[in-house]
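# A closer look at the structure
Letter by letter, the chains look like this.
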Amino acid sequence: MINEIERSGTIRVGTVGANAERGWARDAHLNALRSLPQFKIAAVSARNQAQAQAAADHFGAARAFGNSLDMVSDPAIDLVVVTVKVPEHRAVVLAPLAAGKHVYCEWPLGRDIAEAQEMAAPVPPGVHAVVRLQGLLAPAIRAAAEFVKMGRIGKPLVLRVFGSAGAWGTAVPPHYAYLQQKSSGASLETIGGGHTLAAIEEIVGPYVEVDARNSILQKSVRITGTDETVERTCADHMFVLGKHDSSCVSMLEVVGGIPDRPALFDLQGETGWIRVRGTSPGTYQIAPLLLEASFPVDALPALAPQLSGPSANVAELYACLLRDAQSQQRTAPDFVRAVQLTRLLHAIDTASDDGRVIRPVDSTRFRTGCAGHS
């Protein structure tokens, strides 16, 4: 399979959790894959055969599977894309890894550190296991990280970051109900916080100290279109104060249920400043981003100019995965990076619960390295 990718330059994709009506696979992955001729959507799977066939018709896939494990064992699939809910990740990630297939899994990788480590451990040599931290491939984030590395603002001193996460407001649609439960692994902290923390570390380096206050401001959440409410057990507001290995200090705030405030990333250095701001509401992995600086900034290159928002960044990550598979490099955010970020989130939780400063482990700096386009 790996040699076939190197020879043909084509990756045959099987998508777990495809849905013709809604979902991340339809809203982001489909357009991203269609923009990249090197990828072929070969198969999809869903909860039953009828849903799978509807998704296959919508995605243009040749094959439909009502059982995901049947699809991941198909020899005509090179890359398994996992877009199901976080509690279901483990089973559909371990199976293709055991079959020697490349895996692209949504973030968060697992519900906790133990699950993330279990999935990261069995990645065979030559197999690429990528996690969807696609915000790291956003041109503005990539350029900001490179400017800091080049010393364009001198030593980074102070970073202030804001992000909003709409799925944690006072009312949510039924398919967002599970996001209100901390045990699901998919929460404001891990999604809105996790993606943003990854971008912060990409630019100013790993956290070496964290203090935090994660709060539940709205405990009862109304489910729209019904008379139901659910009790929220995850935070809907996140404050993180940190120090980084670059000596930069940072403040992060992620607010749930704010639909009209774009993200803002404001970095002050010794000799200049860099600002990344969203052009629409949403956190860094979703919203289109604008880069500003105290020095002239050239127009940012875009892999697929016809795409915007989530699809554009996802396309960048797919292209990075393709280059890695063809060259046997390791530049895309992978399962090792996912474990490191999961540990950081655990440290932030502990700091919030205990009311003390925590020194996270695994403070190795990871960089995506996917700056070029092919």
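This write-up is about the structure you can find in this document. (Residues numbered from 1 in each chain as written. Predicted model: local features only at pLDDT ≥ 70, side-chain atom pairs only at ≥ 80, totals over all residues. Heavy atoms only, no water.)

Our next topic: the environment of Lys 85. The topology assignment puts Lys 85 in the loop between strand 4 (79–82) and helix 5 (89–98). The exposure class assigned to Lys 85 is partly exposed, which follows from its relative accessible area of 37%. With 47 residues separating them along the chain, Lys 85 and Arg 132 place their C-alpha atoms 13 Å apart. (Helix = DSSP H or I, 4+ residues; strand = E, 2+ residues; numbered from the N terminus. Buried < 20%, exposed > 50% of the residue type's maximum accessible area, 1.4 Å probe, protein only.)

Close approach of charged atoms allows side chains with opposite charge to pair. The full count for this structure, using the stated rule, is 18 salt bridges. Residues Arg 337 and Glu 202 are paired through a salt bridge, measuring 3.4 Å at the closest nitrogen-oxygen approach. Here Arg 337 is found in helix 10 (residues 335–354), whereas its partner Glu 202 is found in helix 8 (residues 188–204), with 135 residues between them in sequence. When sorted by exposure, Arg 337 lands in the same class as Glu 202, which is buried. Sharing partners across several salt bridges, the network here consists of Asp 266, Arg 275, Arg 277 and Glu 292. (Salt bridge = Lys/Arg side-chain N within 4 Å of Asp/Glu carboxyl O.)

Hydrogen bonding along the main chain pairs the strands of a sheet, whether they run parallel or antiparallel. Read from one edge of the open sheet, 7 strands run 9-12-13-7-14-15-16, paired in mixed fashion. Both edges of this open sheet fall to strand 9 (207–215) and strand 16 (289–293), since each of them pairs with a single strand only. Going from strand to strand, the sheet's axes swing by 10° on average, the running direction of each strand aside. Alignment of strand 7 (residues 156–165) against strand 13 (residues 249–256), held across 8 bridges, turns out to be parallel. Within strand 13, the residue paired with Val 161 across the bridge is Leu 252. Docked against the sheet, helix 8 engages strand 7, strand 9, strand 12 (237–244), strand 13 and strand 14 (262–269), running at close to 155° with respect to strand 13. Lying over the sheet, helix 10 contacts strand 9 and strand 12, oriented at roughly 60° with respect to strand 9. (Pairing = 2+ DSSP bridges. Axes fitted to C-alpha atoms, helices over the stretch in contact; angles between N-to-C directions. Contact = heavy atoms within 4.5 Å.)

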